[in-house]
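Residues per chain, in single letters:
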2 protein chains.
Amino acid sequence: MAPAAVPVVTTSELTISAMKHDLNKTTKSQLDASKLTYTFNKSPNTVPALNDPIRLEQNSTTDHMLTVKWTEKGGWEAPQLRPYGPLNLMPTASCIHYATQAFEGMKAYRGVDGKLRLFRPELNSRRMNLSSTRIALPSFPPEELEELIKAFVAVDCAKWLPDPNTFIYLRPAIIASGAALGVQKPREATLFIIAVLFPPMDSPTGLRLLASKEDMGTRAWPNGHGWSKVGANYGPTLQAQGEARERGFDQILWLLGSEGRVTEAGASNFFIVWKNKHSGRLQLVTAPLGDKIILDGVTRRSVLELARARLAHNATEACTEIQHLERVEIVEENFTIHDLVEAQQEGRLVEAFACGTAFFVAPIAFIQYVDQGLEIPMTAKTEDGGKAGPYAAAIKTWLKEIMYGRVQHPWGVVIKETGVN
Amino acid sequence: MAPAAVPVVTTSELTISAMKHDLNKTTKSQLDASKLTYTFNKSPNTVPALNDPIRLEQNSTTDHMLTVKWTEKGGWEAPQLRPYGPLNLMPTASCIHYATQAFEGMKAYRGVDGKLRLFRPELNSRRMNLSSTRIALPSFPPEELEELIKAFVAVDCAKWLPDPNTFIYLRPAIIASGAALGVQKPREATLFIIAVLFPPMDSPTGLRLLASKEDMGTRAWPNGHGWSKVGANYGPTLQAQGEARERGFDQILWLLGSEGRVTEAGASNFFIVWKNKHSGRLQLVTAPLGDKIILDGVTRRSVLELARARLAHNATEACTEIQHLERVEIVEENFTIHDLVEAQQEGRLVEAFACGTAFFVAPIAFIQYVDQGLEIPMTAKTEDGGKAGPYAAAIKTWLKEIMYGRVQHPWGVVIKETGVN
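A few points on the structure. (Residues numbered from 1 in each chain as written. Chains lettered and ligands numbered in written order. Predicted model: local features only at pLDDT ≥ 70, side-chain atom pairs only at ≥ 80, totals over all residues. Heavy atoms only, no water.)

## Notes on the overall build of chain A
1) Next: Helices and strands together make up the secondary structure of chain A, namely seven helices and 22 strands.
2) Next: For 421 residues, the compact-globule estimate of 2.2 N^0.38 gives 22 Å, and the C-alpha radius of gyration of chain A, at 23 Å, lies within 12% of that figure.
3) Next: By principal-axis analysis of the C-alpha atoms, chain A measures approximately 75 × 60 × 45 Å.
4) Next: For chain A, the proportion of its 421 residues judged to be buried stands at 60%.
5) Next: Sequence separation of 24 or more characterises 71% of the internal contacts of chain A that already satisfy a separation of 6 or more.
6) Next: With the model as given, the accessible surface of chain A reaches about 16,600 Å², and the carbon-plus-sulfur share is 52%.
7) Next: With 45 positive and 45 negative side-chain charges, chain A shows a separation of 4 Å between the mean positions of the two kinds. (Helix = DSSP H or I, 4+ residues; strand = E, 2+ residues; numbered from the N terminus. Rg over C-alpha atoms; globule rule 2.2 N^0.38 Å. Buried < 20%, exposed > 50% of the residue type's maximum accessible area, 1.4 Å probe, protein only. Contact = heavy atoms within 4.5 Å. Areas by Shrake-Rupley, 256 points an atom, 1.4 Å probe, with all protein chains shown as cover. Lys, Arg positive; Asp, Glu negative; His and termini not counted. Charge placed at Lys NZ, Arg CZ, Asp CG, Glu CD.)

## Focus on the relation of the copies chain A and chain B
1) Next: Least-squares fitting of chain A to chain B yields an RMSD of 0.0 Å, with the transformation described by 0.0 Å of translation along the axis and a rotation of 180°. When the rotation and shift are considered jointly, the pair of chain copies conforms to a two-fold rotation axis. Nearest to the rotation axis, the C-alpha of Ala232 of chain A is located 2.1 Å from it, this being the minimum over chain A.
2) Next: Of the interface residues in chain A, 100% have counterparts in chain B that sit at the interface too, so the contact is made through matching surfaces. (Least-squares fit on C-alpha atoms with pLDDT ≥ 70 in both.)

## A short note on the packing of helix 2 (residues 121-134) of chain B against helix 3 (residues 142-160) of chain B
Residue and element names in this part refer to chain B.
1) Next: At a minimum axis separation of 8 Å, helix 2 and helix 3 run at an interaxial angle of 125°. For the element pair helix 2 / helix 3, the angle class is oblique. For the crossing formed where helix 2 meets helix 3, the hand is right-handed. Here Pro121, Glu122, Ser125, Arg126, Met128 and Asn129 of helix 2 lie close against helix 3, whose contacting residues are Pro142, Leu145, Glu146, Ile149 and Lys150.
2) Next: Its residues placed into classes, the contact of helix 2 with helix 3 shows five nonpolar, two polar and four charged. (Axes fitted to C-alpha atoms, helices over the stretch in contact; angles between N-to-C directions. Parallel < 35°, antiparallel > 145°, perpendicular 65-115°, else oblique. Left-handed = near helix turned anticlockwise from the far one by under 90°. Nonpolar A, V, L, I, M, F, W, Y, C, P; charged D, E, K, R; others polar.)

## Overview of the pattern of salt bridges
Where charged atoms from two side chains of opposite charge come close, those side chains can pair.
Residue and element names in this part refer to chain A.
1) Next: Summed over the entire model, instances satisfying the criterion amount to 44 salt bridges over all chains.
2) Next: Between Glu147 and Lys150 there is a salt bridge, with its nearest N and O atoms 3.9 Å apart. A residue pair is termed a helical-turn pair when its members lie 3 or 4 positions apart in one helix, as Glu147 and Lys150 do in helix 3 (residues 142-160) at three residues.
3) Next: Of the residues examined, Glu147 reaches a relative accessible area of 41% and is grouped as partly exposed. (Salt bridge = Lys/Arg side-chain N within 4 Å of Asp/Glu carboxyl O.)

Here's what the structure looks like:
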């Protein structure tokens with residue numbers, strides 16, 4: 001039973017294998033937005049009013065969808081814009097058994113100037129490519145997806161997003177759509193883009209969070225896939241979320257490990273502003289991306305970039321709001337629920353907020369941790385008449401200015417609308 | 001900013017809320033196998049031969065499927081056995097975005113006596129109920145699912161499983177099928193049962209495993225959902241599996257944490273037989289279920305129970321094979337890849353095998369850990385002419401005896417076939 005000498009695959013062999021693989025790839029069609037074909041819906045629907053309760057269901061879609069099929073053998077087929085309708089999936093489709101699925105969440109905004117805008121669409125397109133490959137689905141040039149998203153909103157948003165200062169939710173997604181019950185890398189996939197009507201949303205009263213306990217599960221973990229937007233990060237959290245809602249909370253505050261690291265709030269990134277216990281300095285803090293636990297949120301990234309530009313001690317951009325706000329240190333560092341409780345009890349906690357595309361910048365009013373209830377200060381008024389912490393209120397205003405075209409900014413990408421023609 | 005006293009929800013309030021919830025539940029229909037309706041396929045397919053290469057795809061299904069719809073409002077509708085066909089899912093269906101899906105893997109066996117058997121179907125039915133609620137899908141009485149599985153195989157297996165000593169793969173699954181893009185507990189679901197043709201499978205040469213590195217991800221983690229059969233445990237492993245296959249390995253050996261805890265092999269449970277370093281005693285070892293990482297596999301459980309009954313020092317059942325095998329200690333304990341490497345290098349490793357429904361008991365021939373290649377002994381012959389370790393060979397024989405009716409055993413549940421009538 002002595003171990004035999006076993007040849008190990010050498011680097012050069014691996015390199016050759018990778019080269020062959022790349023060679024194979026080049027013979028397949030790449031995702032190409034310029035090949036998009038249009039088949040318009042001949043039975044278009046009417047647009048529900050902004051206050052129509054149907055919007056609360058978040059299930060009403062527009063007249064069209066955009067789909068692109070991919071096969072391992074042939075690569076990407078020509079993208080099709082076509083009437084919205086069911087996906088024809090067999091019961092053996094990989095995506096409904098093995099969570100071979102990834103998605104993006106973004107919004108199209110109708111500006112105060114009547115123009116249609118996307119917010120940093122290149123970041124969503126890039127992330128969707130990373131999420132897709134993380135879940136063993138194909139890669140693609142992100143700029144081609146970005147072009148497809150633009151083409152889709154150019155057609156449907158002229159009709160479906162008529163009112164200034166409103167948005168529509170966009171959902172690009174990719175699923176392993178082939179019949180393939182074997183547990184293996186999918187050989188067939190469908191990328192699609194749909195748009196969903198949301199109710200106008202603001203959270204004037206602040207969110208109430210329930211801090212997770214160990215028996216509720218763990219949202220993400222070191223070297224896992226919490227950093228990516230794959231379906232597998234969401235379903236496993238819904239049982240705990242349902243329990244929280246039955247108890248009167250809006251979301252779970254996800255803690256990690258026995259030390260209670262604060263990671264995310266529901267499916268949103270989580271920020272606090274506090275006076276640091278040791279330095280006494282005012283800090284805007286959120287968990288770092290380093291160990292693949294935290295989603296690299298587009299709103300998270302934008303909050304950090306705006307804060308560094310406008311709120312930090314070495315800020316270079318001037319802003320009206322800054323006159324009322326003390327400058328802060330911008331910190332991406334881990335902290336625990338115990339740090340948070342202590343800060344609140346010692347009066348060092350200035351505010352807390354969640355942020356993400358769906359719920360935007362949402363101030364947090366209350367956190368329940370085991371038997372401790374933490375009231376979080378919300379001392380400022382927001383422009384929509386709600387309350388928030390002063391930093392969340394300022395950041396929310398700045399982002400809205402960009403999204404709705406009150407200021408011209410490179411992050412607000414204007415889309416030329418074509419409508420159905 | 002001093003914290004206010006905040007009322008905490010008391011136990012009695014929670015109890016009342018739970019009671020109300022249960023009260024609501026009783027007004028909804030429960031899953032009821034006796035309500036099953038039959039609509040037979042009028043365009044039945046022909047059964048491919050055992051050696052037809054189409055079976056290698058693992059996508060060929062039988063003439064029928066069984067479906068049951070559930071809604072939050074009305075509960076479970078009447079189950080329907082009907083012609084196999086596509087699922088009509090909208091692009092907003094929760095199951096293709098948020099991995100709200102759970103499944104089971106089991107087989108129906110055609111015995112040497114011509115009888116049709118299931119293997120411990122009550123265990124799959126019970127686990128599917130646990131997996132379903134873990135992923136925020138509805139619960140049901142497991143015995144009703146078991147009855148539905150039996151009813152389904154009673155109809156389709158008469159035709160689709162004609163040959164003695166063969167099996168067909170069964171896939172019960174449940175998905176959140178309603179249009180619901182909001183990230184929340186699903187309000188609509190579909191449970192379905194299908195059967196898939198497999199090629200005759202044995203692994204006479206032994207599996208070659210690649211031990212996972214941190215950059216390949218983590219299959220499961222403490223207090224996560226690795227213990228359950230939810231889609232979210234599978235998709236995230238396929239990228240690493242694909243890499244392993246390109247490098248000539250069959251599966252990943254999933255390690256956990258910096259200490260390199262050995263958890264599972266691919267989607268199968270992992271066993272070793274070794275001489276314990278400290279006690280010198282011969283042990284059959286597999287990772288324990290305690291911290292929710294390891295799948296409570298039906299084959300895993302059966303291997304442990306058979307080993308305790310027939311191989312342990314205090315074994316009570318007699319077997320022919322035991323005459324050639326030294327008795328072992330049966331141990332459910334964590335061990336690391338370093339323990340495994342050391343045992344192999346010191347000649348203490350007797351054998352290793354993976355087990356699960358799909359791949360049955362699969363001996364392991366080789367493990368690659370970073371730059372170390374470990375040859376694993378396979379000193380015995382199996383009854384199908386392959387090689388394995390002596391314990392895996394014996395266990396494989398014992399399980400097959402039960403599955404194919406060579407011995408009568410309570411684990412082999414005979415199904416009365418009805419066919420299409």
